[in-house]
Amino acid sequence: MRHTPSIVLSSAALLLAAMAGDGLASPRAAVREQARDAWFMDGGRRVDVERLGPAALGASSTQRALAPVRLRYPGGRTVQASVGATAIVEVEPGAEGALGAAGVEVVRPLMPSIGLWLVRDTGGGDGLDLALRLQGAARPAFVREAIPDLHVRLKAHGAPFAPDDPRLPDQWYFDDLRMQEAWGRTQGDAATSIVVIDTGCDLDHPDLAAKMDPGLDVIDGDDDPTYQPGGQSVNHGTACAGLIAAVTDNGVGIAGGCPACRLRCVRLLDDEPRPISASVDAFEFALQVNAAVVSNSWGYADPMPVPRVVEAAINRLFDAGRNGKGALVLFAAGNDDREILDDELQAVRGVLTVGAVNHLEDATPFTNRGRSLDLVAPTGTLSTDIAGSEGDDASDYTSRFGGTSSACPVAAGVAGLLVSAAPERTAGELYDVMIRTARLAPYAVPDESGHDPIFGHGIIDPVAALTEVLGDAPPPLAGGGEGADDQHAGCACASAGAGSGERRGLAAAALLGLAAAARRRGAARARRGG
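Predicted, not measured: the structure shown is a model, and the values here were computed from it.

Would you explain the pattern of salt bridges in this entry?
Opposite charge on two side chains lets them pair, provided their charged atoms get close. Taken as a whole and assessed by the stated rule, the structure comprises 30 salt bridges. Measuring nitrogen to oxygen at the nearest pair gives 2.6 Å for the salt bridge that ties D270 to R274. Between R338 and D336 there is a salt bridge, with the nearest N and O atoms lying 3.6 Å from each other.

Explain the sheet that holds strand 6 (residues 104–111) here, please?
Ordered by their spatial adjacency, 4 strands build an open sheet running 6-7-5-8, and the pairing between neighbours is antiparallel. Either end of the sheet is taken by a strand with one partner, and the two such strands are strand 6 and strand 8 (143–148). Strand-to-strand twist in this sheet, taken as the mean axis angle between neighbours without regard to direction, amounts to 30°. Both strand 5 (residues 86–91) and strand 8 contribute to a ladder of 5 bridges, which runs antiparallel. Considered in strand 8, the bridge of A87 is made with P148.

Would you explain the state of the cysteines in this entry?
A disulfide bridge is the covalent bond that connects two cysteines by way of their sulfur atoms. Inspection of every chain in the model, using the stated rule, returns 2 disulfides. In this model C201 forms its disulfide with C265; the gap between the sulfur atoms is 2.0 Å. Classification of the bridge connecting C201 and C265 rests on its S-S torsion, roughly -80°, and on that basis the disulfide is left-handed. Of this pair, C201 sits in the loop between strand 11 (193–198) and strand 12 (216–217) while C265 sits in strand 13 (residues 262–267), placing them 64 residues apart in sequence. The residue that forms a disulfide with C258 is C261, at a sulfur-sulfur distance of 2.0 Å. The exposure class of C258 is buried, given its relative accessible area of 0%. Overall, C261 belongs to the buried group, its relative accessible area being 0%. Counting only the cysteines that form disulfides, in the order they appear in the chain, gives the pairing 1-4, 2-3. Residue C240 stays outside any disulfide, its sulfur separated by 7.3 Å from that of C408, the closest cysteine. Take C408: its relative accessible area is 0%, and that puts it in the buried class.

Analysis parameters
- Residues numbered from 1 in each chain as written.
- Predicted model: local features only at pLDDT ≥ 70, side-chain atom pairs only at ≥ 80, totals over all residues.
- Heavy atoms only, no water.
- Salt bridge = Lys/Arg side-chain N within 4 Å of Asp/Glu carboxyl O.
- Pairing = 2+ DSSP bridges.
- Helix = DSSP H or I, 4+ residues; strand = E, 2+ residues; numbered from the N terminus.
- Axes fitted to C-alpha atoms, helices over the stretch in contact; angles between N-to-C directions.
- Disulfide = S-S within 2.5 Å.
- Buried < 20%, exposed > 50% of the residue type's maximum accessible area, 1.4 Å probe, protein only.

Structure, rendered in C-alpha cells:
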C-alpha cells in the first residue's frame, strides 16, 4: 500500500528513536504513534483521520472509552466521530481462525456470510491503530480490508417542523394512494416479515402488540427492542411501525399499510453516537430472520460517505435475503433540503430511496433530492404513538408525524403487499415494478429516463403495481367510468395551480402523455444491475 512521504518519514524517525533508546519500543508501538494522525482505506476511498484528544468515557454509563477524531473524506467533507477499542475486518471465507496469529482477537461475528468480523488488537492499540496495522505493509494475505469501528451520530428523519395548521383526523395519505382498492386485491401475508430499524417500539401498544414478532436491541445487546423512555424522538420507531402494519379491521385506532404482514423492531437509534458495527448487526438480524422488507427512516447526522462494510451488509441483504430472493431495503431520503451525493447511504445499490410529498402532491420543503431518489410517497401524518405519558399525545396516536420518516414506512407497507402478492419475484424485480408503475408527480420535470431529482420516478402507486404482479385488470375507481382517471388528474392539476411549483406544473402538463414504462425502465434497471 502506498504511503505518503510524511508518514514514511514519521515511521523512520520512530524506528531510529527506538534504536537509539532503551530498545523497548516495538514496531506495533511505532504504528500506534504513527496513527495519531493517520488514514485508512474504506473500499477505494481514502479517509484521513485527525485525532482530537485522548480516549474518555461517554455520557452514558454503558459507554466505553472513546477517542474523538475528525474524518476527512475526498471532496472536503469532514465528519466528527469517535474510535473505540474495536475494528471491523473483512477476511477470506473461513480465514477468521488465522487472525490470532496476526495479534488480533475476534470479539464476535458481524456478517460472517460476507467475511465481516468485529475484532480488537491484542497489543492494546485501539481500532484505528489496528486498522492501520492490518492494511499496512504487514497486512496478512487473508485480510481483505480493515477499518476502525467508528462511532458516529445517527438521526431519525423526523419532520423538521410541526405545522400549526389543522390536520385531517383520518389517514388521507392512504386515500391518496387508493389503498382500499389495493387491500381489495391483497392485505398481505403473515409470512411477509417487515423489520423496522429505528428507536425501538412500544411492543404493548394496543394497535401493534398482536403484530409483533421477536426483535433486537443492538445498543444494549439483547432481544428486547422496546423504546427507552426519556430520550428524544422515542416515538419515532413506534410511529413507523404503525404506518407499516398496525392491526387493521379491529375497531381500534388506525389501519396499517400491509394489514396481514408481521412486524419486528430493531433498536439502533438513541441520543448517543453508535458504532457502524451496530448497523451491520441490524442488517444481519434482518438477514437471519428472513425479512422481506426492511424500513429505515434514519441516516447519519453529519452527511458522510457510507462505510463500505455497511454498504456490503445492505447489498448482502438485498441479494441473499428472503431465501435468496432478496429483501427490499427502503431508506428515507432525509429532511435536510439538500442533494444526496452518489456515495451516501441512500445511493447504495440495494436501497430503494423514498422522498416525501404533501397532500397536494408537491414536494415537501425539507425532502432531500438527487439522482439516487427512487420514489416519493405521501407523508403519513397520523400514526401510532407510545401509549401513556411518554407519547406525544394522550390518545396513544399522533397526528404530528411527518417528514420522509413517515413517507418511507408508507412505501414499506406497499412493498409488503407486493412481496405478499408475488413472493417468487426478486427484490430487484419488485423495485423495478414499483418504479415502472409509479404515477408521474404533477410538478415533476423528468429527464429522458423519467427521473426528476425531487420526485424520483414518481409517486408510488400500489394499485398499478399490484395490477402488474397479479396480472389482472384494475378494479373500477371510485365514481366509475372513464372520467374517474380524469377526475383524479384534475385534482392534481388544481393543486398545480395552488402550489409553489409553477414551473414544474407547466412542464408536467406537456409530459403527462408519456408512457410510464418508457419514462422509467432504463435508469432503474441500470442502477440495479438488471
